Amino acid sequence: MSLCILAGGKLTALAVSMFTLSWTHSVQKTEWRETWAVTPAGLELRQAEVKGSGAGMEPGADAVLKDGWWVWHPTLPPQERVSLAASGMTPSGWKLCHAGGCVELGATVGNAVSLSGCPD
């Protein structure tokens, strides 16, 4: 499976099966990160982590504190597509990391990004 990233009208395919998304919350200015898997069923959220808590950032019910991060395993069904908004209210865009490196997405206001599994 590959991950398809549609950003600014440009489609990029990454040959990855796992990736991490991280960002800074617009109000709390606290980092949030999620680990996703690219599967035939869609994008599967495997783990979420937040460095603190606050408005709109409540850790999951099964969260445990590890090295200053609340870590839990959400029960979200596989997603066909994950849309990332670029509001301009956060200090940076979304950071997508995989085994081959990292890329920043949605750093420009209004530059929406869409993630999905690539068709075969």
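Here is a short report on the structure shown in this document.

The rules behind these values
- Counting of residues starts from 1 at the beginning of each chain's written sequence and follows it residue by residue.
- Since the coordinates come from a predicted model, pLDDT governs what is reported: local features require at least 70, and pairs of side-chain atoms require 80 or more to be given and counted, while whole-chain, interface and lining totals use all residues.
- Where side-chain values are given, they derive from all heavy atoms of the structure, hydrogens and water being excluded.
- Strands are runs of DSSP state E lasting at least two residues, helices are runs of H or I lasting at least four, and both sets are numbered from the N terminus onward.
- For every residue, the accessible area obtained with a 1.4 Å probe (protein chains only) is divided by the maximum for its type, and the residue is called buried under 20%, exposed over 50%, and partly exposed between those limits.
- Whether two residues are in contact is decided by their heavy atoms, any of which lying within 4.5 Å being enough.
- Any two strands with at least two DSSP-identified bridges between them are counted as paired.
- Only the stretch in contact is used when fitting a helix axis, every axis being a line fitted to C-alpha atoms; angles between N-to-C directions are given from 0 to 180 degrees.
- By definition here, a salt bridge exists when the distance from a side-chain nitrogen of Lys or Arg to a carboxyl oxygen of Asp or Glu is within 4 Å.
- What is meant by a nonpolar core is a set of buried Ala, Val, Leu, Ile, Met, Phe, Trp, Tyr and Cys residues, joined one to another through side-chain atoms within 4.5 Å.

**What to know about the overall build of the protein**
- When helices and strands are counted, the protein shows zero helices and eleven strands.
- Ordered by position from N to C terminus, the α and β elements of the protein give β-β-β-β-β-β-β-β-β-β-β.
- Expressed as a percentage of its 120 residues, the buried residues of the protein come to 38%.
- Considering only intrachain contacts with a sequence separation of at least 6, the fraction spanning at least 24 residues in the protein is 49%.

**A few points about the sheet that holds strand 1 (residues 3-7)**
- The strand order across the open sheet built from four strands is 2-1-11-8, with neighbouring strands paired in antiparallel fashion. The open sheet has two edge strands with one neighbour each: strand 2 (10-14) and strand 8 (81-84). Strand-to-strand, the axes of this sheet are offset by a mean angle of 20°, without reference to chain direction.
- Inspection of the sheet shows strand 8 paired to strand 11 (residues 113-117) by four bridges, in the antiparallel sense. Directly across from Val82, in strand 11, lies its bridge partner Leu115.

**Looking at the sheet that holds strand 9 (residues 94-98)**
- The sheet built from seven strands is open, its strands ordered 6-7-5-4-3-9-10 with antiparallel pairing. At either end of the open sheet lies a strand with only one pairing partner, and these are strand 6 (64-66) and strand 10 (101-105). In this sheet, neighbouring strand axes are inclined to one another by 30° on average, regardless of whether the strands run parallel or antiparallel.
- Strand direction decides the pairing type here: strand 4 (residues 31-39) and strand 5 (residues 42-50), joined by eight bridges, are antiparallel.

**Describing the pattern of salt bridges**
- Summed over all chains, the structure comprises two salt bridges.
- Across the pair Arg33 and Glu49 runs a salt bridge whose closest N-O atoms are separated by 2.9 Å. Placement of Arg33 in strand 4 and of Glu49 in strand 5 is noted, with a sequence separation of 16 residues between them.
- Among the residues examined, Glu49 registers a relative accessible area of 10% and is labelled buried.
- Note that Glu44 and Arg46 form a salt bridge whose closest N and O atoms lie 3.0 Å from each other.
- Given the relative accessible area of 38%, Arg46 is considered partly exposed.

**What to know about the nonpolar core**
- Core analysis: the largest hydrophobic core is formed by 23 residues, its most contacted members being Leu3, Phe19, Leu96 and Leu115.
- The element that contributes the greatest number of residues to this core is strand 5, accounting for four residues.
- When sequence neighbours within four positions are dropped, the list of residues in contact with Leu115 reads Leu3, Cys4, Ile5, Phe19, Leu21, Leu43, Glu80, Arg81, Val82, Leu84, Leu96 and Leu105.

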